[in-house]
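# A structural walkthrough
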Amino acid sequence: MCRLCDFAHASTDYQELMERAFVSDLDRMIASKKDWPDNRFVFTNLAKWDKIRFDFALFEPLAAIPNPENYYQGVWVDSEKRGSSWESGWGRSFGFTRDGKLLLYTKATMHTKFRPEDEWFKYFFLVEFEPAQLSLVMNPPKFIIRADEVKLKGQNLLTNEESEHSFSFIFSHLATEKSAMLPEAVKQSAFYRKVLRRGKPKKDDGEQRSDFERYTVTTPYYAPHPFLMQFFQELGYETRFDFQVAIPKFVEEHFSALGARPAPSDDALNPGPSP
């Protein structure tokens, strides 16, 4: 395990943050059974999913220049793309478990109009993949995790019935230190004018998001989970941006442990078309 995972394993403060967030998901699960009991997309393949301990680091696969309407890198379930926006109650992260698997934890919520406290799941997936089910390519500091229609058998958490879904995604970390731009520079780009201004920013809930000391990353990348980012000083970094720049070395440790070999060139890291 990498140093971040060792910290996550030892830090009761980090685990308490994760546990409180997960308890909120358990409450949403109860509401989902009441308000949307026929939802097929509340699913896990973990035998003891409700007893999970987040004693390892989680990373968010973020889009280039993330914005509220296009925040996460995409995930397809049963060939249907799941939402990639950022909203309260939504999330998408992955981690390398202590028994050598890759965990995907992604969710989105809905709520009653004018009653945001009444939340239930639009989708919830807490699933593990064996390394053999994935394609891992690395050319540090660039990395690719790819799943192509990987079928997982598990349980519908609303009906407790056996279920199966196929998963596709390409999680890319193509960022280097040169990929970061100050907001003023980003606003001058054609991309910003044509894309980012299509929607109005949504109100943030106060969590430490991916600003990394007022920088924006212009390529797809892996970011530390916001809860882990809060501990950047305890992990030995002066700024959040310093922590973000260090992420590739931790990811490389995990890729190597799972048997990934360096790509011969950057061409092998071209993710190609979406699944």
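Structure first, text after, so check above.
Described in the following lines is the structure provided in the data block. For clarity, every value in this text was computed on a predicted model and none was experimentally measured. (Residues numbered from 1 in each chain as written. Predicted model: local features only at pLDDT ≥ 70, side-chain atom pairs only at ≥ 80, totals over all residues. Heavy atoms only, no water.)

### Considerations on helix 2 (residues 12–35)
- With 24 residues, helix 2 should reach 34 Å at 1.5 Å per residue; the first-to-last C-alpha distance of 34 Å fits that figure.
- Where helix 2 is concerned, the buried positions are Tyr14, Gln15, Leu17, Met18, Phe22, Asp25, Arg28, Met29, Ala31 and Ser32. (Helix = DSSP H or I, 4+ residues; strand = E, 2+ residues; numbered from the N terminus. Expected span 1.5 Å × (residues − 1). Buried < 20%, exposed > 50% of the residue type's maximum accessible area, 1.4 Å probe, protein only.)

### Description of the pairing of strand 7 (residues 102–112)
- Counting buried residues in strand 7 gives eight out of eleven residues, a clear majority hidden from the surface.
- Bridge count for strand 6 (residues 91–96) against strand 7 is six bridges, and the pairing is antiparallel. Within the sheet, the bridge partner assigned to Ser93 lies in strand 7 and is Tyr105.
- Between strand 6 and strand 7, which pair antiparallel and follow one another directly, the connecting turn spans five residues, one of which, Gly100, has a positive phi of 85 degrees. (Pairing = 2+ DSSP bridges.)

### Looking at the pattern of salt bridges
- Tallied over the entire structure, the rule returns eleven salt bridges.
- Its salt-bridge partner being Asp78, residue Arg40 comes within 3.3 Å of it at the nearest N-O pair. Taken together, the residues span a long stretch of sequence, with Arg40 in the loop between helix 2 and strand 1 (42–44) and Asp78 in the loop between strand 4 (75–77) and strand 5 (80–81) at a distance of 38 residues.
- Residue classification places Arg40 among the partly exposed residues on the basis of a relative accessible area of 44%.
- Asp78 sits in the partly exposed class, given a relative accessible area of 28%.
- One continuous salt-bridge network, built from bridges that share partners, spans Asp25, Arg28, Lys107 and Glu119. (Salt bridge = Lys/Arg side-chain N within 4 Å of Asp/Glu carboxyl O.)

### A short note on the environment of Ala175
- Its place among the elements puts Ala175 in the loop between strand 11 (162–173) and strand 12 (180–181).
- Among the residues examined, Ala175 registers a relative accessible area of 7% and is labelled buried.
- Residues Ala175 and Ile247, spaced 72 residues apart in sequence, show a C-alpha to C-alpha distance of 10.0 Å.
- If sequence neighbours within four positions are ignored, Ala175 has contacts with Pro141, Val217, Thr219, Pro220 and Tyr221. (Contact = heavy atoms within 4.5 Å.)

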